[in-house]
Amino acid sequence: MTASASLATELAPLYAEHLAILQRRADEALARGGFDHLLVPSGSLHYQVFDDRDYAYAVNPQFKAWLPLTRLPYSWLVYTPGQRPKVIYFQPFDYWHVVPDAPAGWWVDHFDIHIIRKPEEALALLPTASARCAILGEPQSALGAYTPNNPEAVIQYLEYQRSFKTAYEIRLMREAQRLAVRGHRAAEAAFRQGRGEFAINMAYCAAVEQDANELPYGNIIALNEHGAVLHYMELDRQAPATSRSFLIDAGASFHGYASDITRSYAADAGSEFQALIDAVDGVQLQLAQAVRAGVDYKQLHIDAHLQLMGVLKDFGVITVSPEAALASGVSAAFFPHGLGHQIGLQVHDVAGFAASDRGGRIERPAGHPYLRMTRVLEPGMVVTIEPGLYFIDMLLNEVKQNGHGDSVDWSRVDHFRPYGGIRIEDEVLCTEGDAVNLTRPAFAEA
Ligand code: GLY
Ligand code: MN
Ligand code: MN
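Calculation rules
Residues numbered from 1 in each chain as written. Chains lettered and ligands numbered in written order. Predicted model: local features only at pLDDT ≥ 70, side-chain atom pairs only at ≥ 80, totals over all residues. Heavy atoms only, no water. Buried < 20%, exposed > 50% of the residue type's maximum accessible area, 1.4 Å probe, protein only. Helix = DSSP H or I, 4+ residues; strand = E, 2+ residues; numbered from the N terminus. Pairing = 2+ DSSP bridges. Donors = N, O, S within 2.8 Å, 3.2 Å for Na, K, Ca; no water. Tetrahedral: all angles 85-135°; square planar, octahedral: opposite > 155°, others 65-115°. Lys, Arg positive; Asp, Glu negative; His and termini not counted. Salt bridge = Lys/Arg side-chain N within 4 Å of Asp/Glu carboxyl O. Polar contact = N/O pair within 3.5 Å; in protein donor to acceptor, adjacent residues only side chain to side chain. Contact = heavy atoms within 4.5 Å. Axes fitted to C-alpha atoms, helices over the stretch in contact; angles between N-to-C directions. Parallel < 35°, antiparallel > 145°, perpendicular 65-115°, else oblique. Left-handed = near helix turned anticlockwise from the far one by under 90°. Nonpolar A, V, L, I, M, F, W, Y, C, P; charged D, E, K, R; others polar. Phe/Tyr/Trp six-rings, centres within 6.5 Å; stacked < 30°, edge-to-face > 60°. UniProt positions renumbered as here; feature names shortened; annotations may be inferred.

A.B. asks: Let's hear about the pairing of strand 14 (residues 426-429): which residues, and what values?
C.D. replies: The side chains of a regular strand alternate, residue by residue, between the two faces of the sheet. Side chains Asp426 and Val428 of strand 14 all project onto a buried face; the interleaved residues Glu427 and Leu429 project onto the opposite face, where all are buried too. With four bridges joining them, strand 11 (residues 382-385) and strand 14 adopt antiparallel strand pairing. Each bridged residue has a counterpart across the sheet, and for Ile385 the counterpart in strand 14 is Asp426. Of the pairings in the sheet, the one linking strand 14 to strand 15 (residues 436-437) comprises two bridges and is antiparallel in character. Each bridged residue has a counterpart across the sheet, and for Val428 the counterpart in strand 15 is Asn437. Between strand 14 and the antiparallel strand that follows it, strand 15, lie six residues.

Printed below as a string of structure tokens:
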């Protein structure tokens, strides 16, 4: 059996269970919203302004939650409680483009499948009472009377429940890890050969066999000082004269599920910067192990600040205690983003602030405007753990302006500035017991 056939065999029973869970969730969501049918359009192509070129198609996440189909615009998922779900499958007659293959895979046995050749042919196949439908999608997916209404009660319930990954989803997410790690290995090798950012990115994409349209987010490939730009996406064509450091934040997609992995490297294994990377790695491992049911992710984010400031204290970069650095805002200058976020169908998965499946919002702690996850961890959640330390002049100047210049040894900042920054990012599954790191085993296997 080929690897993909054996994966499909493994996925078939997991998918059956996944689908049963989705149906139960949909039953409850529809009951809460007072609807009889769930309709999910897969989405349409969007054109660039004053042009006949379309943007890369991005499937409706509510659609790919049900089906491992990420390149099937103008299609519909139709679910009515108690009935077999239906897929309206758009397979046009088109000689300009490659059309979607005939339906195949581990999902087909569970659906009534109707092939359509034109988007409007879906009309005859949708439930007749359009007002009784919860339709989840973007406005451009409107078809006749079927305009996405995105009922809040339905969305809130489904998005909240999506935090609890099924075994099927975890399996796909593990594959997304494996793919990305292949790219990370190739990228590290290219860095060690002295290649530039553009070439390193090419090495990554070739190893993963995905390009910008398929990857779950834009790769961050940053050499030297560029590591201090949090979302550095420039890709210098020219290799630098000297490559001192490399920060890579890059993931992969697998049947609609994302991975999001960051690693940091020093060219010189004996350098102090390598020692700083190792220290951040130690903090990251500790935080990842702390992922368990009942832990408040907000608190974990604060713990990350304290631990990272402990590292900077040890390295002589700050002169005050971690607690003092946190209180004064100095720590936010060195660690200016959140500890992480949920991940799954979207790299920054939904409901990170949800207080309940009926709405409400858990606010971020004051002074931490970029944290994307404020919930208490529960079994089945997958979160990223991505602590980092950066040498960002704009933020360090603010430290001086705010009167906290004495908290920093500026000669140490000068020493580390040419290396940009460090981030280490893994995906971690919360269980009833110990944390399950999804990323580290993929590196160990590679
Ligand atoms: N790569 C985006 C993030 O780490 O959240
Ligand atoms: Mn992330
Ligand atoms: Mn990332």
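A.B. asks: How would you sum up the coordination of the manganese ion (ligand 3)? Please name residues and give values.
C.D. replies: Surrounding the manganese ion (ligand 3) are the protein donor atoms Asp249 (OD), Asp249 (OD), Asp260 (OD) and Glu425 (OE), at 2.0 to 2.3 Å. In this structure, the manganese ion (ligand 3) is surrounded by six donor atoms whose angles at the metal cover 57 to 171°, and the resulting shape is irregular. Ordering the donors of the manganese ion (ligand 3) by residue number gives the pattern D-x10-D-x164-E.

A.B. asks: Give me the lowdown on the side chain of Lys64, citing residues and values where you can.
C.D. replies: Here Lys64 is to be found in helix 2 (residues 61-64). The charged side chain of Lys64 is buried without a salt bridge, its nearest counter-charge being Asp349 at 8.2 Å. Among the polar contacts listed, one links the side chain of Lys64 to the backbone oxygen of Gly256, at a separation of 2.9 Å. In this structure, Lys64 is in contact with Val59, Leu69, Thr70, Gly256 and Leu345, ignoring residues within four places of it in sequence.

A.B. asks: Help me get a handle on the packing of helix 4 (residues 167-192) against helix 5 (residues 197-208), residues and values and all.
C.D. replies: Running from N to C, helix 4 and helix 5 point in directions that differ by 150°, and their axes come no closer than 8 Å. Considering the angle they form, helix 4 stands roughly antiparallel to helix 5. Every pair of crossing elements has a handedness; the one defined by helix 4 and helix 5 is right-handed. Across from Leu179, Ala180, Arg182, Gly183, His184, Ala186, Ala187, Ala190 and Phe191 in helix 4, the residues of helix 5 making contact are Ile200, Ala203, Tyr204, Ala207 and Val208. Grouping the amino acids of the contact of helix 4 with helix 5 by side-chain chemistry returns 11 nonpolar, two polar and one charged.

A.B. asks: Kindly report on the coordination of the manganese ion (ligand 2), identifying the contributing residues and their values.
C.D. replies: Distances from the manganese ion (ligand 2) to its protein donors, Asp260 (OD), His341 (NE2), Glu386 (OE) and Glu425 (OE), fall at 2.0 to 2.2 Å. What the six donor atoms of the manganese ion (ligand 2) show is an angle range of 51 to 159° at the metal, which sorts the shape as irregular. When the donor residues of the manganese ion (ligand 2) are listed from N- to C-terminus, their spacing reads D-x80-H-x44-E-x38-E. In this structure, the manganese ion (ligand 2) lies 3.3 Å from the manganese ion (ligand 3), and both are coordinated by Asp260. Residue Asp260 is located in the loop between strand 9 (257-258) and strand 10 (261-266), and its partner Glu386 is located in the loop between strand 11 and strand 12 (388-390); the two are separated by 126 residues in the primary sequence. Given a relative accessible area of 8%, Glu386 falls into the buried group.

A.B. asks: Got a sec to walk through the packing of aromatic side chains? Specific residues and values, please.
C.D. replies: All chains considered together, the criterion is met by 13 aromatic pairs. Both rings, one in Trp107 and one in Phe111, keep their centres 5.8 Å apart while their planes meet at 70°; by these two values the pair is edge-to-face. The burial state of Trp107 is the same as that of Phe111; both residues are buried. Taken together, a centroid distance of 5.9 Å and an interplanar angle of 25° make the contact between Phe246 and Tyr265 stacked. Here Phe246, found in strand 7 (residues 245-250), pairs with Tyr265, found in strand 10; they are 19 residues apart in sequence, far enough to count as distant. Per residue, the accessibility class of Phe246 equals that of Tyr265, and both read buried. Through a chain of ring-to-ring contacts, three or more aromatic side chains come together here, namely Tyr15, Trp106 and Tyr168.

A.B. asks: For the side chain of Asp260, give the residues involved together with the corresponding values.
C.D. replies: As a buried residue without a salt bridge, Asp260 has its nearest oppositely charged side chain in Arg423, at a separation of 6.7 Å. Within the local environment of Asp260, its side chain forms a polar contact with the side chain of Tyr217, the two groups lying 2.8 Å apart. Each residue touching Asp260, except ones within four places of it in the same chain, is listed here: Tyr217, Asp249, Gly251, His341, Ile343, Val347, Thr384, Glu386, Glu425 and Glu427.

A.B. asks: For the sheet that holds strand 11, give the residues involved together with the corresponding values.
C.D. replies: Strand order in the open sheet made by the three strands is 11-14-15, with antiparallel pairing throughout. Only two strands of the sheet have a single partner each, and these edge strands are strand 11 and strand 15. Taken strand by strand, helix 6 (residues 272-289) contacts strand 11, strand 14 and strand 15, and its axis lies near 160° from that of strand 11.

A.B. asks: Describe the sheet that holds strand 5 (residues 133-135), and please don't skip the residues or the numbers.
C.D. replies: Taken in spatial order, the five strands line up as 4-3-2-1-5 in an open sheet, and their pairing is mixed. The open sheet has two edge strands with one neighbour each: strand 4 (112-116) and strand 5. Strand after strand, the sheet turns through a mean of 20° between neighbouring axes, direction not considered. Packing against the sheet, helix 1 (residues 3-33) makes contact with strand 1 (37-41), strand 2 (76-79) and strand 5, and its axis sits at approximately 75° to strand 2.

A.B. asks: Describe the UniProt feature "domain: Peptidase M24" (unreviewed entry) in the chain, and please don't skip the residues or the numbers.
C.D. replies: The UniProt feature table records "domain: Peptidase M24" (unreviewed entry) at residues 172-432. For the annotated span residues 172-432, helix accounts for 37% and strand for 13% of the residues, and the straight-line distance between the end C-alpha atoms is 21 Å.

A.B. asks: Describe the pairing of strand 7, listing the residues and the values that go with them.
C.D. replies: When you tally the buried positions in strand 7, you get six out of six residues, the bulk of the element. By the alternation rule, side chains of strand 7 split into Ser245, Leu247 and Asp249 and Phe246, Ile248 and Ala250, which are all buried. As defined by bridge partners, strand 6 (residues 220-223) adjoins strand 7 across four bridges and the pair is classed as antiparallel. Pairing of Ala222 across the sheet is with Leu247, part of strand 7. Note: strand 7 against strand 10, six bridges, orientation antiparallel. From the neighbouring strand, Leu247 faces strand 10, where its bridge partner is Ser264.

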